[in-house]
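Here is how the chains run, residue by residue.
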Amino acid sequence: MKRAIALLAMLAQFSGLSLGNVKPFPQMLGDRWSARSVDSPLLAQLTEGETLLFAALKSRQRANGLPTVTQVYPVSADMLAVEIETGSVTYGQQRRYRPRSSDQIEDNGVLKRDGQTIGRVVGRDRTILYPLDQYQGRDVPQSWLDNLRSYRLTSPTDSDFQPGQRPEEVFRKSKPIDMADTANGQKFAMRHTVYLQLSDPLQTGETYGLVFEGQSLDAKTFVYNPQQQHSEAVHISHIGFHPDDPIKVGFLSTWIGSGGGFDYSEGMTFWLVDTQTDDIVYEGQTRLSAAQDQWEDAYRNYNETDVYALDFRDFREVGVYRLCVETVGCSHSFPIQESVWQTPFVTSIRGLYHQRSGIELKSPYTQYHRPRAFHPDDGVVVYQSDAKLMDTRMGIGSENAFEALTAGVSETPVPDAWGGYFDAGDWDRRIQHLGVAESLLDLVELFPDAMAAVDLNIPESNNALPDVLDEALWGIDVFRRLQHPDGGVPGGIESAEHPRHGEASWQESLQVMAYAPDVWSSYWYANAAAQAASVLKQVAPARAEDYEQSALMAFAYAEQESLDSPEGGWPHQVRDRRNLAALELWRLTGLDRFHQVFLNTTVFTDSDQSVSGREHNQGRAAFRYAQFASAEVDSQVQANARQALLKKADEVAAITEKTAFQWGKHHPNAPVGWGIGWSSPYEASVLVQAHHLEQSDRYLEAIIRSSQAPLGANPDNLVYTTGLGLRSPQNPLVIDQRIMGVDPPPGITVYGPIDITHEIYDDYWFARYQMKDNMFPEPTDWPITELYVDVYINVAMTEFTIHQTIGPSAYVWGYLAAQER
């Protein structure tokens, strides 16, 4: 019952319902971290089913597509913000194709009926119609949005606003929030945020009414109270904080579109307000985090406005609070509680389950249902190709993967080729995914008791192994099944092209192929399988033997193949993977020959070496070797490896101290885009490793800092992982979700914004056309921190990968969760 009341309270906050004094409440978890009870303590964190329900109920507010005022909130005492959403999208729903005499089907499946495009005919036998989307509603004219006479603010209690006052100035920003692919082209649902500069300040406790003239929009009434009223200007993590977290911080900022950055000031008073009692329990002053003219990296400032930090790290009382700023308003509610990090951890790692290939996704394991895909029992045949992943651009080479695979395909079927994880908008399973398995195995090794307590609610949950270990093995086993009798490991499974438009994963009609084994993939697999064997020796010795033998075979194959090196030698990626695999096999077997291979190929004979550079990337090897307590380690190499890793961690920590919203990057010269930025704490992996080695508060602070923006402390107040918090992406590039017309599976961390002003991305097609034609101001004038456009085909922002976003998020948040045990 309490759970239902809390959910209704959240819905009230966003739908305008009145539920009296219903307020959020804490809800304690049991001894096990469970995906079945990961709904966390309060409104900011929902179960998967509630997340899907909440998103569905929100979407119905604009079911007819008519313009709707979704929010009115203060930016300051003399500026109001008004959010107006327009348009509604109904996604095309697959149905059986029933031919008509006038039908014309083009080679790409596009169906024209009576000369009109109505969708595509898809599937292996083309018996399924995927119709076009439907767009309803109308937009609001820009001339009306920007007109002073469109708005009138009145008050029955404040004499300055009797009988009514028009704004002195109007500013605006507009961007798409969804897209329909229709017979008349692409139509966008929009969000317009209008800023009204008032001639007189609002007075606390007074009632105001905002009337819209010239459009059929309902008037909005509110009581101005900065200690209770929500404002999008106040940004904070949706998941909250642990009482002992050394970082507890929110942010204050507003970019008002055509009006530029909004000027707040240092020293403004902010409060923590207890949501149960409405009492002020903490008071502080704003501090400038970064001015709008301060560069945050080697390229630019990403905010286009001053950003202020609201630091309350010394407050430790458990409870549910909102963060409020004088004259401005409040954040959403958030908890301070003993168990806070397990929610993002479990949600993220379950994102892996939701990307599994080869099984049906169904109850009781998830409320995101999807048929079994790419399993041989369903008639899917995978054919062997002689193309090697490492030679293609999908690996470390230059060949077009699709062309190489199809040119080298044979008629030989590959038995038992199923499993692994789909990657974003494609069905590929590639060797790079093993990086996720390695991270999960690290967590099991570092925190065996804590990880044993994690209940992920996956099909393997009832076996004798920890669920986190089961998920790691799922990622490894697809390559173990692909392994050839001579030990060689293919780089993965790939279709002949990107998925055909309108086809879901279980309907794949393209030819499916397996790469040929190569040295790079075999070394990579040897490392992951060896680490799995080491972990399994502690909990399932019989199974450990299988992985050990498989790892030894893969390494032996790669060693033999590496004798025939190309002119100029193997790329450093091959040398680095050999180095790491040898290290892991030495740890597993104790055989000195593996240690010698590691020592002969390590870069850490140099005392001034970095963990990565143009000709090497041995960061993981540095971490693994630095951990070993064996008397047989080379103490100088170990010391050098440790020093290099800590140096890299110091560099990343310094970046988190410089950016306004405290996000990090692996290198200050890396441009923001395609996963580099603030959507996930991917760069914090090295901070995790450094903290484990040193137990330094500086590294722990940097880990937590780097997680704030990904978890909602950003100008969009958006958590970049689906199913987390009050606002998360609804249109990630998950093809199955789009085709089924359902809400996204929880746990998908998207790439997030890209810097379209950088020379690498300034020709990005979606920005040049769709964004340019449908955003105001010009996309290049927007702050990059607000440039996320949640539209399905906006691939650079809504896509994701297993190893770049989901895996690193699970690793970092899993490490923080384990600190709470």
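Preceding this paragraph is the structure being described.
Note that the coordinates shown come from a computational prediction; the quantities given were computed from them, not determined experimentally.

Peer 1: Residue-level account of the overall build of the chain, with values.
Peer 2: Secondary structure summary: the chain contains 20 helices and 32 strands in total. Taken over the C-alpha trace, the chain has a radius of gyration of 27 Å; the compact-globule value for 821 residues is 28 Å, and the two agree within 12%. Seen through its principal axes, the chain has C-alpha atoms that stretch 85 × 75 × 50 Å. The buried share of the chain, reckoned over its 821 residues, is 63%. In the chain, of all internal contacts separated by at least 6 residues, the share reaching a separation of at least 24 is 70%. Roughly 30100 Å² of accessible area belongs to the chain as shown, and the carbon and sulfur atoms make up 46% of that amount. Mean positive and mean negative side-chain charge positions of the chain (67 and 108 charges, respectively) differ by 5 Å.

Peer 1: Could you give an account of the sheet that holds strand S15 (residues 220-223), naming the residues involved and the relevant values?
Peer 2: As summarised here, the arrangement of the three strands in space is S11-S14-S15, forming an open sheet in which the pairing is antiparallel. Unpaired on one side and paired on the other, strand S11 (151-154) and S15 mark the two borders of the sheet. Across the sheet, the mean angle separating the axes of adjacent strands is 20° when strand polarity is ignored. Here four bridges tie strand S14 (residues 207-212) to S15, and the two strands are oriented antiparallel to one another. Each bridged residue has a counterpart across the sheet, and for leucine 210 the counterpart in S15 is lysine 220.

Peer 1: How would you explain the packing of helix H9 (residues 519-539) against helix H11 (residues 572-589) if you had to name every residue and give the values?
Peer 2: Two quantities define a packed helix pair, namely the angle between the helix axes and the distance between the axes. One can describe the packing of H9 onto H11 by two numbers: an axis separation of 8 Å at closest approach and a directional angle of 25°. By the criterion of interaxial angle, the relationship of H9 to H11 is roughly parallel. Taken as a pair, H9 and H11 cross one another with a handedness that is left-handed. Contacts from Val519, Trp520, Tyr523, Trp524, Ala526, Asn527, Ala530, Gln531, Ala533, Ser534 and Lys537 in H9 reach Gln573, Val574, Arg577, Arg578, Leu580, Ala581, Glu584, Leu585, Arg587 and Leu588 in H11. Residues belonging to the contact of H9 with H11 are distributed by class as follows: 12 nonpolar, four polar and five charged.

Peer 1: Give me the lowdown on the sheet that holds strand S26 (residues 409-413), citing residues and values where you can.
Peer 2: Taken together, the five strands give an open sheet; going across it, the order is S26-S25-S30-S29-S27, and neighbouring strands pair in mixed fashion. The open sheet has two edge strands with one neighbour each: S26 and strand S27 (429-430). Two elements, strand S25 (residues 382-388) and strand S30 (residues 512-516), share four bridges in a ladder whose sense is parallel. Within S30, the position partnered with glutamine 384 by the bridge is alanine 514.

Peer 1: Can you break down the pattern of salt bridges residue by residue, with the values?
Peer 2: This structure, assessed with the given rule, holds 43 salt bridges. The salt bridge involving arginine 313 is made with aspartate 311; its shortest N-O contact spans 2.8 Å. Note on arginine 313: relative accessible area 38%, which makes it partly exposed. Residue class for aspartate 311 comes out partly exposed when judged on its relative accessible area of 22%. The partner of glutamate 657 in a salt bridge is arginine 698, and the shortest N-O contact between them spans 3.4 Å. Note that glutamate 657 is positioned in the loop between helix H14 (635-656) and helix H15 (685-694) and arginine 698 in helix H16 (residues 697-708), a separation of 41 residues in sequence. Members of the salt-bridge network, linked through shared partners, are Glu438, Asp442, Glu445, Arg577, Glu584, Arg587, Arg620 and Arg624.

Peer 1: Describe unusual backbone geometry, and please don't skip the residues or the numbers.
Peer 2: The omega angle of the peptide bond from glutamine 162 to proline 163 is 0°, so this bond is cis rather than trans. Going from phenylalanine 776 to proline 777, the amide bond is cis rather than trans, its omega being -5°. Tracing the backbone shows proline 777 in the loop between helix H18 (765-774) and helix H19 (795-798). For asparagine 717, which is not a glycine, the phi torsion comes out positive at approximately 50°. Checked against the element boundaries, asparagine 717 lands in the loop between H16 and helix H17 (735-740).

Peer 1: Report on the packing of H9 against helix H10 (residues 541-562), specifying residues and quantitative values.
Peer 2: Running from amino to carboxyl end, H9 crosses H10 at an angle of 160°, the nearest separation of the two axes being 7 Å. When the axis of H9 is compared with that of H10, the two are roughly antiparallel. You can see that H9 and H10 cross each other, and the crossing is left-handed. Among the residues forming the contact of H9 with H10, the class breakdown is 18 nonpolar, three polar and five charged.

Peer 1: Go over the state of the cysteines, please, and point to the residues and values.
Peer 2: All told, the structure shown has one disulfide when counted by the stated rule. With its sulfur 2.1 Å from that of its partner, cysteine 324 forms a disulfide with cysteine 330. Taking the sign of the S-S torsion, 105° for the link of cysteine 324 and cysteine 330, the bridge is right-handed. With respect to burial, cysteine 324 and cysteine 330 carry one shared label: buried.

Peer 1: Quick one: what's the story with the nonpolar core, residue by residue and with numbers?
Peer 2: Among the nonpolar cores identified, the biggest contains 183 residues, and Phe345, Met451, Ile476 and Leu687 are the most heavily contacted of them. Ranked by residue count, the leading element in this core is H9, at 13 residues. The next biggest cluster of nonpolar side chains, apart from the first, holds 28 residues, and it includes Val234, Tyr264, Phe270 and Val325.

Rules of the game
Residues numbered from 1 in each chain as written. Predicted model: local features only at pLDDT ≥ 70, side-chain atom pairs only at ≥ 80, totals over all residues. Heavy atoms only, no water. Helix = DSSP H or I, 4+ residues; strand = E, 2+ residues; numbered from the N terminus. Rg over C-alpha atoms; globule rule 2.2 N^0.38 Å. Buried < 20%, exposed > 50% of the residue type's maximum accessible area, 1.4 Å probe, protein only. Contact = heavy atoms within 4.5 Å. Areas by Shrake-Rupley, 256 points an atom, 1.4 Å probe, with all protein chains shown as cover. Lys, Arg positive; Asp, Glu negative; His and termini not counted. Charge placed at Lys NZ, Arg CZ, Asp CG, Glu CD. Pairing = 2+ DSSP bridges. Axes fitted to C-alpha atoms, helices over the stretch in contact; angles between N-to-C directions. Parallel < 35°, antiparallel > 145°, perpendicular 65-115°, else oblique. Left-handed = near helix turned anticlockwise from the far one by under 90°. Nonpolar A, V, L, I, M, F, W, Y, C, P; charged D, E, K, R; others polar. Salt bridge = Lys/Arg side-chain N within 4 Å of Asp/Glu carboxyl O. Disulfide = S-S within 2.5 Å. Core = buried A, V, L, I, M, F, W, Y, C linked by side-chain atoms within 4.5 Å.

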